[in-house]
Amino acid sequence: MSLFLATFNSDKLSNIQIKRTLNYKNSNYPKTIKWTDKYFVIKILTKKNIGDQFFLNKGSCLVFFNGLVLSDKKKKPLTAKQISKLYKTQGIKFIKNLNGFYSIILYDFKRKKIISIRDHAGVKNIFYSLSDKTISISNYLSILYDSRIIKFSPNYETYLEHIVHGNIVGGKTISKNVYQVPAANFLKFYDNKLKLLEFWKLQKLRSNISLQKKLQKFDKIFKKVIMDWVPKKQEISILLSGGLDSSILSKLILNRNSKLKFFTAIFERKYQYNETNLITKKNKKIKKRHKFIKINEKKFCNHLVNYIKKTHHPITNFNGLVIDFLSKKISKEKNSKIIYCGEGSDELFSGFDRYFEISRKFKKTKNIKDLIMSKNYLNVRRFKYIKKNFKYKIPFSRINIAKKINEKIPIKKYLILDQKTYISPYLDRLDQSSFLNNVEIRPIFMDKRIIEFSQSLNENDYGSFCSDNSSKTKMFLRKYSEKYLDEDISYPKNKKVQLMIPSSNWFYKGELKNMLLSLLNKKSFF
């Protein structure tokens, strides 16, 4: 886990620009690498030796990356030196052949060009600020503020978008002077011109092979993905919710690495049904290495405030805080710095009831706004309690993304829209937890091979909407899990509740309510 802050000016850097870049410090990342010339300055921070993540050749380029970069052809981890060679021989085209979760910065000395690349799924983030002929880039938003390179300037339009949708699309943020590189895009700053270019797109696929052959094909792909992402002998951890996704991961990763530890969050509220027990009771290896981590109301509220202060991010949902809480506990475990989770599978294999409800609605109305607003139309209704004549205009960037999706099957169109708008900001909270706790969180369902395979599924592979308005979700994944899990895990009688935070009770009756009221009484730009 490493941080970087870089500033580039095509004419010449000022002393204050160099100073603010190099003076940034973070006590959790004590080891540093610095480089500067007249045009470019970078500071890299890490907790241990940087290893193969950094390469410098003054005659060609400087390369640094955070995360793990895989070659799309050989499926092996790449070093910064190998990335520089690919750039030298293939130019910018080498990006198309990358897999993995990463943020890359590359400085071309000869051409005085900055290139920064964000992975295909958007697991790792890249933020930048542009002013005149100067661009500052970092892999974490808080670094740009803490270094005093920029000041926060609230963007009320995007903040409203975030409140309604839970995210912001199109590269904007809640600050007017900060932007983010969208998933599967790279930034190029050259000759005082900035360009954002998409390097990977979802391909429209159809498969006429039988379900059994699809399951066999997925099994082969999934096992290979786990082989590429999971080290054999290193201590590793997994966030075990007890649901389908994390249970499959637990079973398959355990077959490769016996040093796997399992962690589950529980709350003060006592649930009669706990799906985590289904897999821990039936697998002695998992039960032996499994821990419950209790989160009470007071700790959660304190954690919420600290999280926002340290990340400078609005909260997309409270589940992100649970992951951060668990990551903090896991980071204290000896030698256990890689964490796996099942995030992303719902958006690929239709794991939410809303996919069936909203796509059925869209099938009748043919109104693209029904897909864009999804269940968030309820948030707009809530605003009308505050302001009766409140009207919400969907940002053009969202409409543009939706209209470009060339897919006729409603549920598939909806899933692709979520993959382009919802999943990347949702996954970003994993990266924020990585940053705060100096761990590496890997949502391996978001590997490029699995995403591409999911595009080959047909409408019947996702599930169905029942007459009682319930839905059978993730049917393909459930069918696949039959090979590895017991029936009551693949097809549970009750819905998963393990990560359902009792935030409503806390808001109406307890600490969360008092905390929010005290903050609202203070001066705030909101």
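Residues numbered from 1 in each chain as written. Predicted model: local features only at pLDDT ≥ 70, side-chain atom pairs only at ≥ 80, totals over all residues. Heavy atoms only, no water.

Visitor: Help me understand the nonpolar core, please; the structure alone is not making it clear to me.
Guide: Generally speaking, nonpolar side chains in soluble globular proteins are found buried as a group. One finds F222 and I253 to be the most contacted residues of the largest nonpolar core, which totals 132 residues. With 7 residues, the top contributor of residues to this core is helix α5 (residues 211-229). Contacts of F222, omitting those with residues within four sequence positions, involve I248, L249, L252, F445, I450 and Y480. Counting residues in each nonpolar core, the second largest holds 23 residues, with F4, A6, I137 and V181 among its members. (Core = buried A, V, L, I, M, F, W, Y, C linked by side-chain atoms within 4.5 Å. Buried < 20%, exposed > 50% of the residue type's maximum accessible area, 1.4 Å probe, protein only. Helix = DSSP H or I, 4+ residues; strand = E, 2+ residues; numbered from the N terminus. Contact = heavy atoms within 4.5 Å.)

Visitor: In this structure, what is going on with the packing of aromatic side chains? I would like to understand it.
Guide: Remark: the centre distance and the inter-plane angle together describe each pair of aromatic rings, the angle taken between the planes. By the definition in use, this model includes 26 aromatic pairs. Consider the rings of F8 and Y107, whose centres lie 5.8 Å apart with planes at 55°: the pair is tilted. Remark: Y107 occurs in strand β6 (residues 98-108) and F8 occurs in strand β1 (residues 2-9); sequence separation between them is 99 residues. Judged by centre distance (6.0 Å) and plane angle (80°), the rings of Y145 and F152 are edge-to-face. (Phe/Tyr/Trp six-rings, centres within 6.5 Å; stacked < 30°, edge-to-face > 60°.)

Visitor: How should the sheet that holds strand β13 (residues 236-239) be read in this particular structure?
Guide: Strand pairing in a sheet relies on backbone hydrogen bonds. The paired strands run either parallel or antiparallel. Overall, parallel pairing links the 5 strands, which are arranged β15-β14-β13-β16-β17 in an open sheet. With partners counted over all chains shown, the strands left at the sheet margins are β15 (290-295) and β17 (440-442), one partner each. Pairs of neighbouring strands in the sheet enclose a mean axial angle of 30°, with direction left out of account. Across 4 bridges, the pairing between β13 and strand β14 (residues 260-267) is parallel. In the sheet register, I238 faces β14, and the bridge partner there is F262. Along the sheet, helix α6 (residues 244-256) makes contact with β13, β14 and β16 (338-340), crossing β13 at roughly 160°. (Pairing = 2+ DSSP bridges. Axes fitted to C-alpha atoms, helices over the stretch in contact; angles between N-to-C directions.)

Visitor: Just checking my understanding: could you explain the pairing of strand β3 (residues 40-46) for this structure?
Guide: In regular strands, side chains alternate between the two faces of the sheet. Counting buried positions along β3 yields 7 of 7 residues, so the element is predominantly enclosed. The alternating pattern of β3 places F40, I42, I44 and T46 and V41, K43 and L45 on opposite faces, both of which are buried. Where strand β2 (residues 31-36) lies against β3, 6 bridges are found, and the strand directions are antiparallel. Looking at β3, one finds that K34 is bridged to K43. Here β2 folds back onto β3, and the loop between the two strands holds 3 residues.

Visitor: Would you mind going over helix α12 (residues 353-365) with me for this structure?
Guide: Since the α-helix turns once every 3.6 residues, residues separated by three or four places project in the same direction. With 13 residues, α12 should reach 18 Å at 1.5 Å per residue; the first-to-last C-alpha distance of 19 Å fits that figure. Considered for burial, the residues of α12 that qualify are R354, Y355, F356, I358, S359 and F362. Among the residues trailing α12, K366 stands out with phi positive, at a value near 60°. (Expected span 1.5 Å × (residues − 1).)

Visitor: Sorry if this is basic, but what is going on with the sheet that holds strand β12 (residues 193-198) here?
Guide: If you walk across this open sheet you meet the 6 strands as β4-β5-β6-β7-β11-β12, and the pairing is antiparallel. Because the sheet does not close on itself, it has two edges, and the strands there are β4 (54-56) and β12. Looking at each pair of strands side by side, their axes are set apart by 15° on average, direction ignored. Pairing of strand β11 (residues 185-190) with β12 involves 6 bridges; the strand directions are antiparallel. Looking at the pairing, F189 lines up with L194 of β12.

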